[in-house]
2 protein chains.
Amino acid sequence: MTTKRTIGVLGGMGPLATADLYRKIIEATPARRDQDHLHVIIDADPSVPDRTEALLHGGPDPTPWLIAGAQRLEGAGASFIVIPCNTAHAFLGAVRDAVAIPIISMIDETAAEVAALLPRGAAAGILATSGTVSAGLYQDALAAAGLRALVPSPDAQAQVMAAIAAVKAGDLSRATTEKALVAAYELIEQGAGALLAACTELPLILQPNDIPVPLIDPTAVLARAAVREALAARSLPEGVTPDAIRT
Amino acid sequence: MTTKRTIGVLGGMGPLATADLYRKIIEATPARRDQDHLHVIIDADPSVPDRTEALLHGGPDPTPWLIAGAQRLEGAGASFIVIPCNTAHAFLGAVRDAVAIPIISMIDETAAEVAALLPRGAAAGILATSGTVSAGLYQDALAAAGLRALVPSPDAQAQVMAAIAAVKAGDLSRATTEKALVAAYELIEQGAGALLAACTELPLILQPNDIPVPLIDPTAVLARAAVREALAARSLPEGVTPDAIRT
């Protein structure tokens with residue numbers, strides 16, 4: 001039983017990061033022609049209130065927007081959902097409760113990949129929004145995987161946020177990359193054995209050859225996870241016919 | 001009344017072309033932050049049967065797939081639809097009949113842009129699938145705009161099809177570009193004052209500086225048209241309140 005499932009992408013946070021994920025899903029799919037590719041439905045509503053503002057500064061709660069988007073994807077026929085926004089994962093519980101289809105966690109998938117790369121007890125550096133850092137999303141997931149997490153100093157973190165804002169405004173220049181590198185080099189000096197580009201805007205301006213340690217791209221990790229899930233063979237319970245399964 | 005409308009993208013034909021359109025929509029949107037961007041819903045079902053096969057070789061009719069996708073977009077809340085596949089426009093009439101929301105024609109938008117660029121009676125060269133060429137989509141639209149259309153010889157057309165198939169298989173190399181350039185230079189020698197990269201795979205491997213005449217990218221034209229329509233102020237008929245309008 002290898003019916004392909006439909007990937008739902010809850011996107012728009014930001015739009016370029018969503019386009020990046022979609023491209024990485026295509027590249028991660030074994031295909032020689034259109035019809036070998038996967039059915040992908042993307043709901044990219046950029047009006048979702050800023051996730052970091054909500055977590056740190058009392059901004060509007062994005063949860064109702066996230067739930068509405070997830071329900072649109074479920075209604076359109078998505079088999080499961082991926083969310084190309086690390087910070088949005090702070091609100092994942094409520095969104096999971098609002099739909100019947102699974103949501104794959106980019107955080108958990110990435111932590112598993114880092115754990116396969118670094119020895120137990122090693123440190124990974126986190127480049128992310130202040131919201132993601134403050135919510136402890138990656139610190140918790142890395143700790144659960146037996147790794148230590150390093151986060152930037154306040155000054156370096158401010159440079160990361162400036163780089164992310166520049167990408168969201170469409171500035172993918174070297175100057176934007178340099179802002180992110182301030183924090184990257186700080187974390188490497190503190191002993192990070194790998195860095196996580198843990199805001200979906202960062203892989204758009206940070207490349208592996210920008211730094212001397214492995215750079216983990218959670219967007220690429222999520223793309224591979226989505227393709228894996230969409231293509232996964234499913235064993236059917238006794239008496240259930242393939243037609244009864246949501247595809 | 002300037003409520004932003006939601007863009008529906010009926011995609012997957014092929015997936016890379018859909019990703020290219022989405023990226024071009026983002027780039028064409030005036031925005032400084034996520035929330036300035038437009039709500040885009042993409043249904044990319046690559047299982048739609050090959051459009052050229054249906055037009056030329058008796059292959060399965062893609063119309064039911066196109067209608068199903070258009071209806072999913074309408075159901076999810078799209079205000080209008082764009083289709084980043086030139087050849088699919090041969091089936092546009094039936095799809096338009098199946099939904100209540102408008103579908104913007106990439107062919108008509110592109111012909112209007114070429115007509116603004118070239119003097120009346122000038123010739124434009126068409127690089128497209130054999131299905132698009134055979135259906136006469138651009139020949140008819142250019143004629144209506146007062147222009148002549150030039151199409152490749154059978155041998156050169158075969159090279160265009162080989163280039164398109166290579167892109168669909170993920171090969172964006174220079175060798176793929178060279179295949180398309182065989183037809184491009186043939187049409188330029190015949191007097192084409194501009195070339196249309198009129199299959200959505202072609203802008204992925206052909207750049208303006210590859211040829212000495214203007215290269216029109218219908219995907220970029222469609223992206224600008226989608227942003228224009230999404231942002232267009234709408235005048236309301238007497239007695240109609242904004243809430244009564246689908247946004």
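Fair warning: this is a prediction, and the values are worked out from it, not measured in the lab.

**Thoughts on the interface of chain B and chain A**
Right, so step 1: Across the contact, 36 residues belong to chain B and 36 residues belong to chain A.
Right, so step 2: Between chain B and chain A lies a buried interface of about 2,900 Å² when both sides are counted; carbon and sulfur atoms form 55% of it.
Right, so step 3: At the boundary of chain B with chain A, the tally comes to 4 salt bridges.
Right, so step 4: Of the charged contacts, one joins K168 of chain A and D34 of chain B as a salt bridge, the two residues approaching to 2.8 Å between their closest N and O atoms.
Right, so step 5: At the boundary of chain B and chain A, one finds 11 residue pairs in polar contact (both at pLDDT 80 or more).

**Details of the sheet that holds strand β4 (residues 123-127) of chain B**
Right, so step 1: In space, the 4 strands of this open sheet follow the order β5-β4-β6-β7 (chain B), with parallel pairing throughout. Single-partner strands in this sheet number two, and they are β5 (148-150) and β7 (215-216) of chain B.

**Considerations on the nonpolar core**
Side chains of nonpolar character tend, in soluble globular proteins, to be buried together.
Right, so step 1: Formed by 132 residues in total, the largest nonpolar core has its most connected members in I7 and L195 of chain A together with I7 and L195 of chain B.
Right, so step 2: Apart from the residues lying within four places of it in its own chain, the contact partners of I7 of chain A are I25, L38, H39, V40, I41, F80, V82, A226, V227 and A230 of chain A.

**A word on the domain arrangement of chain A**
All names here are of chain A.
Right, so step 1: By the assigned domains, chain A splits into domain 1 (7-105 + 222-244) and domain 2 (106-218).
Right, so step 2: Taking only C-alpha atoms into account, the centre of domain 1 sits 22 Å from that of domain 2.
Right, so step 3: Listed by partner, the interface residues are 23 residues for domain 1 and 25 residues for domain 2.
Right, so step 4: For domain 1, the biggest contributors to the area lost against domain 2 are L16, N86 and S105; these three give 34% of the whole.
Right, so step 5: One salt bridge in this structure joins E109 and R228, with 2.9 Å as the shortest N-O distance.
Right, so step 6: For the pair domain 1 and domain 2, the interface holds 16 residue pairs in polar contact (both at pLDDT 80 or more).
Right, so step 7: Of the residues in the side of domain 1 that touches domain 2, the class split is 12 nonpolar, 6 polar and 5 charged.

**A few points about the packing of helix α5 (residues 106-117) of chain A against helix α10 (residues 218-231) of chain A**
Residue and element names in this part refer to chain A.
Right, so step 1: Contact pair α5 / α10: the axes reach a minimum separation of 9 Å and the direction vectors enclose 100°. Put simply, α5 runs roughly perpendicular to α10. Packed against α5, whose contacting residues are M106, E109, T110 and E113, the element α10 presents P218, T219, V221, L222, R224, A225 and R228 at the interface.
Right, so step 2: Taken together, the residues of the contact of α5 with α10 break down into 5 nonpolar, 2 polar and 4 charged.

**Considerations on the sheet that holds strand β4 (residues 123-127) of chain A**
All names here are of chain A.
Right, so step 1: Strand order in the open sheet formed by 4 strands is β5-β4-β6-β7, with parallel pairing between adjacent strands. Both outer strands of the open sheet, β5 (148-150) and β7 (215-216), are each paired with one neighbouring strand and no more.
Right, so step 2: Bridge count for β4 against strand β6 (residues 194-197) is 4 bridges, and the pairing is parallel. Pairing of L127 across the sheet is with A197, part of β6.

**Description of the pattern of salt bridges**
Right, so step 1: Under the definition given, this model contains 28 salt bridges over all chains.
Right, so step 2: Members of the salt-bridge network, linked through shared partners, are D34 of chain A together with R51, K168 and E201 of chain B.

**Description of the state of the cysteines**
By definition, a disulfide links the sulfur atoms of two cysteines through a covalent bond.
Residues and elements named next belong to chain B.
Right, so step 1: Tallying each qualifying case throughout the model produces 0 disulfides over all chains.
Right, so step 2: No disulfide involves C85; its nearest neighbouring cysteine sulfur is the one of C199, lying 6.7 Å away.
Right, so step 3: On the basis of relative accessible area, C199 is assigned to the buried category, the value being 4%.

About the thresholds
- Residues numbered from 1 in each chain as written.
- Chains lettered and ligands numbered in written order.
- Predicted model: local features only at pLDDT ≥ 70, side-chain atom pairs only at ≥ 80, totals over all residues.
- Heavy atoms only, no water.
- Contact = heavy atoms within 4.5 Å.
- Buried area = accessible area lost by both parts, 1.4 Å probe.
- Salt bridge = Lys/Arg side-chain N within 4 Å of Asp/Glu carboxyl O.
- Polar contact = N/O pair within 3.5 Å; in protein donor to acceptor, adjacent residues only side chain to side chain.
- Pairing = 2+ DSSP bridges.
- Helix = DSSP H or I, 4+ residues; strand = E, 2+ residues; numbered from the N terminus.
- Core = buried A, V, L, I, M, F, W, Y, C linked by side-chain atoms within 4.5 Å.
- Buried < 20%, exposed > 50% of the residue type's maximum accessible area, 1.4 Å probe, protein only.
- Domains from an automatic or database assignment.
- Nonpolar A, V, L, I, M, F, W, Y, C, P; charged D, E, K, R; others polar.
- Axes fitted to C-alpha atoms, helices over the stretch in contact; angles between N-to-C directions.
- Parallel < 35°, antiparallel > 145°, perpendicular 65-115°, else oblique.
- Disulfide = S-S within 2.5 Å.

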